[in-house]
Amino acid sequence: MRIFIDADGCPVVNETIRLAQKLNIPVTVVKNYAHELQSEYAEIVTVDISRDAADFYIANHLKHEDVLITQDYGLAALALSKKCKILTQNGLLITDHNIMRLLDARHVNQKMRQTKKIYTKHKKRTAEDDELFKSALFKLLQEN
């Protein structure tokens, strides 16, 4: 098992690396070259800044039973096809049972933004959000 992190814009990279290191699980962090990131433990892969470059790299390197940390539901759907476990930065486990609802919601939200009827506002991340993520990740890793 390896943990892949879709790191562009991901606020839980360091938390994931710390927990993986404690459990001796290898980590690959995939980011574009616009982001600075260093780790003595994780493998850092830097890809082109073009749209979806990190997603394509991850999708091509995931293997059965790997764990993926991402907010990208399209990438999550690809990972599910490889029988991977997927967790969002908020600790939501993405499964075959909820992926279609998440993809549908993403599509509706995109359409609403395009017609300027609604804009998604994200609340500021809290320490409690980080704790919920760490708890969900620890549980997921223990189950595997």
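Reading the values: the criteria
- Per chain, residue numbering runs from 1 following the sequence as it is written.
- For a predicted model such as this one, the threshold for reporting local features is a pLDDT of at least 70, and the threshold for listing and counting side-chain atom pairs is 80 or more; totals across whole chains, interfaces and linings nevertheless cover every residue.
- To get the side-chain values, all heavy atoms of the structure are used, and hydrogens and water are removed first.
- Only DSSP runs of H or I covering at least 4 residues are called helices, and only runs of E covering at least 2 are called strands; the numbering of each starts at the N terminus.
- The buried label goes to any residue with under 20% of its type's maximum accessible area, the exposed label to any with over 50%, and the partly exposed label to all in between, with areas taken from a 1.4 Å probe on protein chains only.
- Any two residues whose heavy atoms approach within 4.5 Å at even a single point are treated as in contact.
- Where accessible areas are quoted, they stem from the Shrake-Rupley method and a 1.4 Å probe; at the residue level, only the protein chains shown are allowed to cover.
- For two strands to pair, DSSP has to find at least two bridges joining them.
- Think of it like this: strands point away, you trace from the first strand over the helix to the second, and a clockwise trace means the crossover is right-handed.

(A) Expanded view of the overall build of the protein. Per the secondary structure count, the protein includes five helices and six strands. Beginning at the N terminus, the succession of helices and strands in the protein can be written as β-α-β-β-α-β-α-β-β-α-α. For the protein, the proportion of its 144 residues judged to be buried stands at 40%. Sequence separation of 24 or more characterises 46% of the internal contacts of the protein that already satisfy a separation of 6 or more. Total accessible area on the protein stands at roughly 9,000 Å², and carbon and sulfur atoms take up 51% of it.

(B) Geometry of unusual backbone geometry. If you check the backbone angles, Asn-24 has positive phi at about 60 degrees while not being a glycine. Along the chain, the position of Asn-24 falls in the loop between α1 (13-22) and β2 (27-32).

(C) Looking closely at the pairing of β2. A large share of β2 lies buried, amounting to six of its six residues. The alternating pattern of β2 places Val-27, Val-29 and Lys-31 and Thr-28, Val-30 and Asn-32 on opposite faces, both of which are buried. When strand β1 (residues 3-6) meets β2, the two strands line up parallel, connected through four bridges. The partner of Phe-4 across the bridge, within β2, is Thr-28. Since β1 and β2 lie parallel, the crossover through α1 that links them has a hand, and here it is right-handed. With five bridges connecting them, β2 and strand β3 (residues 43-47) associate as parallel partners. Looking at the pairing, Val-29 lines up with Ile-44 of β3.

(D) Summary view of the environment of Cys-84. Secondary-structure assignment places Cys-84 in the loop between α3 (73-81) and β5 (85-87). With a relative accessible area of 4%, Cys-84 lands in the buried category. Separated by 83 residues in the primary sequence, Cys-84 and Met-1 have C-alpha atoms spaced 9.5 Å apart.

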